[in-house]
Amino acid sequence: MNRRRRVYEGKAKILYEGPEPGTLIQHFKDDATAFNKKKHDVIEGKGVLNNRISEHIFLKLAEIGVPTHFIKRINMREQLIREVEIIPVEVVVRNVAAGSLSKRLGLEEGTQLPRSIIEFYYKADELDDPMVSEEHITAFGWANPQEIDEMMALGLRINDFMTGLFLGIGIRLVDFKVEFGRLFENDMMRIVLADEISPDCCRLWDIESDDKLDKDRFRRDMGGLVEAYREVARRLGILVENNPAPHKGPHLVRSK
Ligand code: UDP
């Protein structure tokens, strides 16, 4: 049925060849994995929600001038993107202590950090994505110093924008992970935001209750993952509520 050429299959997404050279189709699966695939499940509806949430955030970021690989959403599960050369470094931005940072430094989860902190992880499944420094990144040639500066500057802009976006809908942006790619146009190369931004790669806590509205629900066996992602989408205003459509037919006119 599917005659498109599969270029790459990851944990939660598949990339297919796009309709034109230099484009790809990014397909969001329902698979959820954690602890480097040691935990795996299929959660119906997750891919559709991540596709919509990521589209929304990428479009908003483009509006403030953050370059991205996103072109347009094609359907419920797929988006058309520009083909980029992915830099094999995950950029994590943190505002509040949680997850691996809490463990590593013995900080209680939920502690506000003195300032936003950026970390780098080398994308290598077989090594469980180890944390690396700028020295490793430049020494091994994964990115040059200018590219690192660009990724840090973009990471902080994305953080400022998303912190405000989520605060406005009662959600605390605790931390998130982004990936960048090199986009080649004519003789030019630019660093652009790639991959996705969704509750799969962010920590999102309800401001009032501290309820987790992100993938930690899966990592920590809390259940209610799709409901939480749907809540994020609803608050972002991108989910059509299941309310019955307003009555449009002829209506009864009562005589006085
Ligand atoms: N993250 C991610 N992919 C990864 C590792 C981390 O999207 O492979 C995200 C994670 O969802 C969180 C942030 O990056 O929002 C920081 O994660 P952390 O280092 O605390 O690792 P974890 O506790 O998820 O193992």
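Residues numbered from 1 in each chain as written. Predicted model: local features only at pLDDT ≥ 70, side-chain atom pairs only at ≥ 80, totals over all residues. Heavy atoms only, no water.

## Observations concerning the overall build of the chain
Right, so step 1: Helix and strand counts for the chain stand at six helices and 14 strands.
Right, so step 2: Against the 2.2 N^0.38 benchmark of 18 Å for 256 residues, the chain shows a C-alpha radius of gyration of 20 Å, consistent with a compact globule.
Right, so step 3: C-alpha atoms of the chain, sized along the principal axes, occupy 85 × 50 × 35 Å.
Right, so step 4: Looking at the chain as a whole, 48% of its 256 residues qualify as buried.
Right, so step 5: For the chain, the share of sequence-separated contacts (at least 6 apart) that also reach a separation of at least 24 residues comes to 56%.
Right, so step 6: Of the roughly 14100 Å² of accessible surface on the chain, a fraction of 52% belongs to carbon and sulfur atoms.
Right, so step 7: Seen as two clouds, the 39 positive and the 43 negative side-chain charges of the chain have centres 6 Å apart. (Helix = DSSP H or I, 4+ residues; strand = E, 2+ residues; numbered from the N terminus. Rg over C-alpha atoms; globule rule 2.2 N^0.38 Å. Buried < 20%, exposed > 50% of the residue type's maximum accessible area, 1.4 Å probe, protein only. Contact = heavy atoms within 4.5 Å. Areas by Shrake-Rupley, 256 points an atom, 1.4 Å probe, with all protein chains shown as cover. Lys, Arg positive; Asp, Glu negative; His and termini not counted. Charge placed at Lys NZ, Arg CZ, Asp CG, Glu CD.)

## Regarding the packing of aromatic side chains
Right, so step 1: Scanning the entire structure with this criterion turns up two aromatic pairs.
Right, so step 2: Arranged with centres 3.8 Å apart and planes meeting at 10°, the rings of Tyr122 and Trp142 form a pair that is stacked. Taken together, the residues span a long stretch of sequence, with Tyr122 in strand 10 (residues 112-122) and Trp142 in the loop between helix 3 (134-139) and helix 4 (145-167) at a distance of 20 residues.
Right, so step 3: Site record: aromatic cluster; members linked through ring pairs are Tyr122, Phe140 and Trp142.
Right, so step 4: The residue whose ring lies beneath Arg4 is Tyr16, and the NZ or CZ to ring-centre distance is 4.3 Å.
Right, so step 5: The cationic tip of Lys39 hangs over the ring face of Phe218; the distance from NZ or CZ to the ring centre is 5.0 Å. (Phe/Tyr/Trp six-rings, centres within 6.5 Å; stacked < 30°, edge-to-face > 60°. Lys NZ or Arg CZ within 6 Å of the ring centre and 35° of its normal.)

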